[in-house]
Amino acid sequence: MRILVIGANGQLGSDLVQVLREQSSTHQVIPLTHAELEVTDLPQVQQVLAQSQPDVVVNTAAYHKVDEVESYPERAFAVNAIAPLNLARLCREQGIALLFLSTDYVFGGDAQRTTPYTEKDCPAPLNVYGTSKLAGEKLIQATWAKHWIVRTSGLYGVRGASGKGGNFVELMLRLAREGKDIRVVDDQRLAPTYTRELAKGLANLIENAPYGLYHLTCSGDCSWYEFALKIFELSNLHPSLQPTTSAEFKTAARRPSYSVLANQAIREAGIAPLKAWQAALADYLAERQKVQSSKGEER
Ligand SMILES: NC(=O)c1ccc[n+]([C@@H]2O[C@H](COP(=O)([O-])OP(=O)(O)OC[C@H]3O[C@@H](n4cnc5c(N)ncnc54)[C@H](OP(=O)(O)O)[C@@H]3O)[C@@H](O)[C@H]2O)c1
């Protein structure tokens, strides 16, 4: 299969390119970084698809700085909804399957929720980011049947350790190194997901699953505070860490108090679930250490 990956320099994009290349010698992977393709540039996207003739397009590109996005809804809808719509149209013209990454932040409107959301639950986003991603989902669903829409959550990957974006794990490790007092919200629950684990799941999905809507995250769930505790435990660090609340830790965007996703459709499709979040975190910490040692960096 010829698989074109948009956003190939990102946390998920870089792991997906690597996993697809490792898992199957029959896949031809075409990675496109942001510098090589602006997903909102329709003529450019058109040209790239015509030239590369892929069987599958994976769109990992997004405008997902959740708080910043609140001030730039037009940009959010351009990247997260209109660009996916145009991709779906072009994919339909050429018979290409489209995989779109979406988010647990399409949920949250149900403040009483305490059980994992299935693919059948009705979304109710709380912020512009979640709304723009939900719009992207709907526009793809209305345009082209050969799609997989994959909602995931709390991503961290090795590219975030070295790229400009960063991720929550790296933020915690940096604050601990700097000897800061750390406060982390304990009233938002999710399933943090290592992008390499997710990439393996996506490769599986592309190879084996029918088209449709999927929730795909590491197994189990925790609050951000519990996630931070585990990061420090596995890293043998003992910073000053206190739980806080969303009311105390004010942000521009509202976030769900509970956005754990039940990975039901994946199970029904016979696809292996992703690892428990604790085991995946241990893998990540080992991998970042390896990468940094090979670069001669000390973190
Ligand atoms: N991060 C999370 O916690 C999370 C949670 C749930 C769902 N998701 C979804 O999962 C996907 C992957 O997330 P990630 O954490 O891997 O993100 P990431 O590390 O920021 O990677 C996204 C990549 O897309 C590129 N990109 C951004 N805007 C683009 C544009 N307009 N045209 C072309 N490329 C563009 C970025 O390049 P630059 O950095 O150079 O702009 C980056 O290389 C996204 O669709 C996101 O919405 C993420």
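The structure presented is a predicted model; accordingly, all values stated were derived computationally and were not measured.

Basis of the calculations
Residues numbered from 1 in each chain as written. Predicted model: local features only at pLDDT ≥ 70, side-chain atom pairs only at ≥ 80, totals over all residues. Helix = DSSP H or I, 4+ residues; strand = E, 2+ residues; numbered from the N terminus. Expected span 1.5 Å × (residues − 1). Buried ≥ 20, exposed ≤ 12 C-beta atoms within 10 Å, placed from the backbone. Near = placed C-beta within 6 Å. Nonpolar A, V, L, I, M, F, W, Y, C, P; charged D, E, K, R; others polar. Contact = placed C-beta atoms within 7 Å. Pairing = 2+ DSSP bridges. Right-handed = clockwise from strand over helix to strand, strands pointing away.

1. Quick look at helix α5 (residues 128-143)
Line of reasoning, step 1. For α5, with 16 residues, the first-to-last C-alpha span of 22 Å sits near the 22 Å given by 1.5 Å per residue.
Line of reasoning, step 2. All of the buried residues along α5 are Val 128, Tyr 129, Gly 130, Thr 131, Ser 132, Lys 133, Leu 134, Gly 136, Glu 137, Leu 139 and Ile 140.

2. Some points on the site of the ligand
Line of reasoning, step 1. Close to the ligand lie 26 residues, the nearest being Gly 7, Gly 10, His 34, Ala 61 and Ala 62.
Line of reasoning, step 2. A total of 3 residues in the shell around the ligand trace back to one element, the largest contributor, which is helix α1 (residues 11-23).
Line of reasoning, step 3. Of the residues assigned to the shell around the ligand, the class counts are 10 nonpolar, 15 polar and 1 charged.

3. Overview of the environment of Tyr 284
Line of reasoning, step 1. Along the chain, the position of Tyr 284 falls in helix α11 (residues 277-294).
Line of reasoning, step 2. Residue classification places Tyr 284 among the buried residues on the basis of 24 C-beta atoms within 10 Å.
Line of reasoning, step 3. Residues Tyr 284 and Thr 245, spaced 39 residues apart in sequence, show a C-alpha to C-alpha distance of 27 Å.
Line of reasoning, step 4. The residues touching Tyr 284, leaving out its near neighbours within four places in the chain, are Tyr 156, Val 169 and Tyr 194.

4. Focus: the pairing of strand β5 (residues 147-152)
Line of reasoning, step 1. With respect to burial, β5 is a largely interior element, 6 of its 6 residues being buried.
Line of reasoning, step 2. In the sheet, strand β4 (residues 97-103) pairs with β5 via 6 bridges, with the strands oriented parallel. By the bridge assignment for β5, Leu 101 is matched with Val 150.
Line of reasoning, step 3. Assessed by its sense of winding, the connection that carries the chain from β4 through α5 to β5 is right-handed.
Line of reasoning, step 4. For β5 and strand β10 (residues 212-215), the ladder comprises 4 bridges, and the chain directions are parallel. The partner of Ile 149 across the bridge, within β10, is Leu 213.

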